[in-house]
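Summary of the model geometry
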Amino acid sequence: MVVQRIWNFISRHRKKFIFTGILAGGAYYFLKVKLPKVQEDFFESLMKELAAGAASSNGQAEEQQRRASFQKHQEVSDSYARKGLRSFLARHQGCFKIDQCHAKVKAASDSEMKVAAFKELQVECLSLLASAAYS
């Protein structure tokens, strides 16, 4: 009689018992099998990081050496570019008559001649600027 009542109770709540069994079995599997493997993998990764930390002092020295080498390359490249720009600047300014136009503006006697000379100076300056931007 008692067994029959227990069996009927289990039959009525069959899905709940199946779910509870699966949940309990999964928890047991995780605690007994999976958790030790996860802990071991985590411990190994920590040990690798510690070993890499000890070797990072060598890595830092290498990084500083690479940065110094890069900086040296940048300085050489910049000096080469500056030399080229100096020669380009002299040739580039020789193509424009800004000094002559500036002198015309100063030498102009009346306002109409000053305005005309100033517009000519503006044209020369803008053409110099455009040429420098696109050269």
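Residues numbered from 1 in each chain as written. Predicted model: local features only at pLDDT ≥ 70, side-chain atom pairs only at ≥ 80, totals over all residues. Heavy atoms only, no water.

1. Quick word on the overall build of the protein
Formally: Numbering goes from the N terminus for both helices and strands, where a helix is a DSSP run of H or I of at least four residues and a strand is a run of E of at least two. The quantity called the radius of gyration is restricted to C-alpha atoms. Its globule counterpart is 2.2 Å times the number of residues to the power 0.38. To sort residues, take the accessible area from a 1.4 Å probe on protein chains only and compare it with the maximum for the residue type: under 20% means buried, over 50% means exposed, and anything in between is partly exposed. Calculation of accessible area relied on Shrake-Rupley with a 1.4 Å probe; when residues are assessed, cover is drawn exclusively from the protein chains displayed. For the purpose of charge, His is not counted, nor are the chain termini; Lys and Arg are scored as positive and Asp and Glu as negative. Charge positions come from single atoms, namely NZ of Lys, CZ of Arg, CG of Asp or CD of Glu.
Scanning the protein for helices and strands turns up four helices and zero strands. Each helix and strand of the protein, placed in order from N terminus to C terminus, yields the pattern α-α-α-α. Compactness check: the protein gives a C-alpha radius of gyration of 42 Å against a globular reference of 14 Å for 135 residues, more than 25% above the reference. With the C-alpha coordinates aligned to their principal axes, the bounding extent of the protein is approximately 130 × 45 × 20 Å. Counting all 135 residues of the protein, 7% fall into the buried class. Summing over all exposed atoms, the protein offers an accessible surface of approximately 12,100 Å²; the carbon and sulfur share of this is 63%. Counting 21 positive and 13 negative side-chain charges, the protein places the averaged centre of each group 16 Å from the other.

2. Section: a nonpolar patch on the surface
Test applied: By definition, no residue in a patch forms a salt bridge, and every one has over 30% relative accessible area; like charges are joined within 9 Å, nonpolar side chains (Val, Leu, Ile, Met, Phe, Trp, Tyr) within 5 Å. Salt bridge, as used here: a side-chain nitrogen of Lys or Arg that lies within 4 Å of a carboxyl oxygen of Asp or Glu.
A cluster of nonpolar side chains, namely Met1, Val2, Ile6, Trp7, Phe9, Ile10 and Phe17, defines an oily patch on the protein surface of about 780 Å² accessible area. No other element matches the five residues that helix α1 (residues 2-12) contributes to the nonpolar patch. With respect to the helices and strands, the residue Ile6 is situated in helix α1.

3. Let's talk about the confidence of the model for the protein
To keep things clear, this is the line we draw: On a range of 0 to 100, pLDDT expresses the predictor's confidence in each residue.
Of all residues in the protein, 94% have pLDDT values of 70 or greater, and the mean over the chain is 86. By mean pLDDT, helix α2 (residues 14-94) is the weakest element of the protein at 86, and α1 is the strongest at 89.

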